[in-house]
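# Architecture at a glance
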Amino acid sequence: MKPVFIVSTYPNKKSILKIANEFIKNKTIACVNISKIDSVYSWNGKIQNSPEYIAIFKTVTKNKINLKKIIEETHPYDVPEIAEIDVTSINKSYLNWLIESTN
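Conventions we followed
Along every chain, residues carry numbers that run from 1 in the direction the sequence is written. This being a predicted model, a pLDDT of at least 70 is required before a residue's local features are given, and a value of 80 or more before pairs of side-chain atoms are given or counted; all residues contribute to the totals for chains, interfaces and linings. Note that water and hydrogens are dropped before the side-chain values are worked out from all heavy atoms of the structure. Here the term buried applies to any residue with accessible area under 20% of the maximum for its type, exposed to any over 50%, and partly exposed to those in between, with areas from a 1.4 Å probe on protein chains only. Only DSSP runs of H or I covering at least 4 residues are called helices, and only runs of E covering at least 2 are called strands; the numbering of each starts at the N terminus. Directions drawn from the helix axis to the C-beta atoms are what define this arc. Only heavy atoms matter for contacts: two residues are in contact if any of them lie within 4.5 Å across the pair. Any carboxyl oxygen of Asp or Glu within 4 Å of a side-chain nitrogen of Lys or Arg constitutes a salt bridge here. To qualify as a nonpolar core, a set must consist of buried Ala, Val, Leu, Ile, Met, Phe, Trp, Tyr and Cys residues joined through side-chain atoms within 4.5 Å. Note that patches include only residues with greater than 30% relative accessible area and no salt bridge, and the join distances are 9 Å for like charges and 5 Å for nonpolar side chains (Val, Leu, Ile, Met, Phe, Trp, Tyr). In this description, accessible areas are obtained by the Shrake-Rupley approach with a 1.4 Å probe, and a residue is regarded as covered only by the protein chains that are shown. Any pair of Phe, Tyr and Trp rings, taking the six-membered ring for Trp, is counted once the centres come within 6.5 Å. Such a pair is stacked with planes under 30 degrees apart, edge-to-face with planes over 60 apart, and tilted for the rest. A ring is considered to have a charge above it if a Lys NZ or an Arg CZ atom is located within 6 Å of its centre and within 35 degrees of its normal.

Every α-helix carries 3.6 residues per turn, so stepping three or four residues along brings you back to the same face. Listed as buried for helix α2 (residues 64-74) are Leu67, Ile70 and Ile71. Down the axis, α2 shows its buried residues gathered within 105° of arc, on one side only. Turned more than 90 degrees off the buried face of α2, the exposed positions are Ile65, Glu72 and Glu73. Structurally, α2 contributes buried residues whose contacts are with β1 (3-10), α1 (13-25) and β3 (46-60).

Moving on: the pattern of salt bridges. One pass over the full model with this rule turns up four salt bridges. Linked through salt bridges whose partners overlap, the residues forming this network are Lys64, Lys68 and Glu84.

Counting 15 residues, the largest nonpolar core has Tyr10, Phe23, Phe57, Leu67 and Ile71 as its most contacted members. Only β1, α1, β3 and α2 provide two or more residues apiece to this core. Examining the composition of this core, we find that four residues originate from one element, α1, more than from any other. Ranked by size, the runner-up nonpolar core spans five residues in total, among them Ala30, Leu95, Leu98 and Ile99.

A few words on a nonpolar patch on the surface. On the surface, Tyr41, Trp43 and Val79 cluster together to form a nonpolar patch covering roughly 290 Å² of accessible area. Within the secondary structure layout, tryptophan 43 lies in strand β2 (residues 31-43).

Attention now goes to the environment of glycine 45. With respect to the helices and strands, glycine 45 occurs in the loop between β2 and β3. In this structure the C-alpha to C-alpha distance between glycine 45 and threonine 74, which are 29 residues apart in sequence, comes to 25 Å.

With the rule as written, the count across this model stands at three aromatic pairs. Measuring from centroid to centroid gives 6.5 Å for tyrosine 10 and phenylalanine 57, while their planes differ by 70°, and the two rings are edge-to-face. Taken together, the residues span a long stretch of sequence, with tyrosine 10 in strand β1 and phenylalanine 57 in strand β3 at a distance of 47 residues. Taking relative accessible area as the criterion, phenylalanine 57 reaches 0% and is therefore assigned buried. Ring geometry for tyrosine 94 and tryptophan 97: centres 5.3 Å apart, planes at 50°, overall tilted. Taken together, the residues span about one helical turn, with tyrosine 94 and tryptophan 97 both in helix α3 (residues 92-101) at a distance of three residues. Residue classification places tryptophan 97 among the partly exposed positions, given a relative accessible area of 36%. Joined through ring pairs, the aromatic side chains of Tyr10, Phe23 and Phe57 make up one cluster. When the ring centre of phenylalanine 5 is taken as reference, the NZ or CZ atom of lysine 58 above it lies at 5.1 Å.

Geometry only, nothing functional implied.
Structure (structure tokens):
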């Protein structure tokens, strides 16, 4: 089984924690890293400067399709970022923990 990290940005920490706790509980993910960031982007023809939170959801390949689907369905943004990072190298003990935590 391969590790997969899914990245998304959210408007506030509360919106991530709500879904992240459910994902952990049902073993869709093993972990999520959440960090406050500043984003600069174009939206509706205007340049936006917004504080956001980035979430890195850590799972395995068998869960990625369902994870992306639920993120998209529950995300507060009209156009959410849902980017998959293909992890090509990871230490064995962390991978074992990731697999155990999602089974």
